[in-house]
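# A closer look at the structure
In case you want the letters, here they are:
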Amino acid sequence: MAINTYLRGLRAFLYYCMEMDYMADFKIRIPKVDKKLKETYTDMELNVLLKKPNLKTCGFSEYKI
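Only a predicted model underlies this, so the values are computations on that prediction, with no experimental measurement involved. (Residues numbered from 1 in each chain as written. Predicted model: local features only at pLDDT ≥ 70, side-chain atom pairs only at ≥ 80, totals over all residues. Heavy atoms only, no water.)

The helix and strand tally for the protein chain stands at 3 helices and 0 strands. Listing the helices and strands of the protein chain from first to last along the sequence gives α-α-α. In terms of overall dimensions, the protein chain is more spread out than a globule: its C-alpha atoms have a radius of gyration of 26 Å, far above the 11 Å expected for 65 residues. Dimensions of the protein chain along its principal axes, counting C-alpha atoms only, are 75 × 25 × 15 Å. Counting only residues that meet the buried cut, the protein chain has 8% of its 65 residues in that class. Of the roughly 7,100 Å² that the protein chain leaves accessible, carbon and sulfur atoms contribute 59%. Averaged over its 12 positive side-chain charges, the protein chain has a centre that lies 7 Å from the centre of its 8 negative ones. (Helix = DSSP H or I, 4+ residues; strand = E, 2+ residues; numbered from the N terminus. Rg over C-alpha atoms; globule rule 2.2 N^0.38 Å. Buried < 20%, exposed > 50% of the residue type's maximum accessible area, 1.4 Å probe, protein only. Areas by Shrake-Rupley, 256 points an atom, 1.4 Å probe, with all protein chains shown as cover. Lys, Arg positive; Asp, Glu negative; His and termini not counted. Charge placed at Lys NZ, Arg CZ, Asp CG, Glu CD.)

Our focus in this paragraph is the environment of Arg-11. With respect to the element layout, Arg-11 can be found in helix H1 (residues 2-19). A relative accessible area of 27% places Arg-11 in the partly exposed class. Beyond its immediate sequence surroundings of up to four residues, Arg-11 is in contact with Ile-28 and Ile-30. (Contact = heavy atoms within 4.5 Å.)

On to unusual backbone geometry. Its identity is not glycine, yet Asp-21 carries a phi of approximately 60 degrees, on the positive side. Mapped onto the fold, Asp-21 is located in the loop between H1 and helix H2 (43-50). Here Asp-21 falls in the exposed class, since its relative accessible area comes to 68%.

On to a nonpolar patch on the surface, then. Side chains of Ile-3, Leu-7, Leu-10, Phe-13, Tyr-16, Met-20, Tyr-22, Met-23 and Phe-26 sit close together on the surface and give an oily, nonpolar patch of about 920 Å² of accessible area. For Phe-13, the position within the fold is in helix H1. (Patch = residues over 30% accessible without salt bridge, like charges linked within 9 Å, V, L, I, M, F, W, Y side chains within 5 Å. Salt bridge = Lys/Arg side-chain N within 4 Å of Asp/Glu carboxyl O.)

With that out of the way, let us pick up the environment of Asn-4. Position of Asn-4 among the secondary structure elements: in helix H1. C-alpha separation for the pair Asn-4 and Lys-56, spaced 52 residues apart in sequence, amounts to 54 Å.

All right, on to the confidence of the model for the protein chain then. Model confidence for the protein chain is summarised by a mean pLDDT of 86, while 92% of its residues fall at 70 or above. H1 holds the highest mean pLDDT among the elements of the protein chain, 94, whereas helix H3 (residues 60-64) holds the lowest, 69. (pLDDT = per-residue confidence, 0-100.)

Encoded structure:
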């Protein structure tokens, strides 16, 4: 991501130079980065996480998790 930050700063400077007629106008495109998809929970994992604990048999530390 740091490279895209530097490219945006350079692009802003170059567009300023173009606006002040220091150089010829041209378009600057910043390439898009392919982001990795995050793994989601399976239906079984969601059911385990969302299942309400038995309040009579569990302690507070188990309930807060």
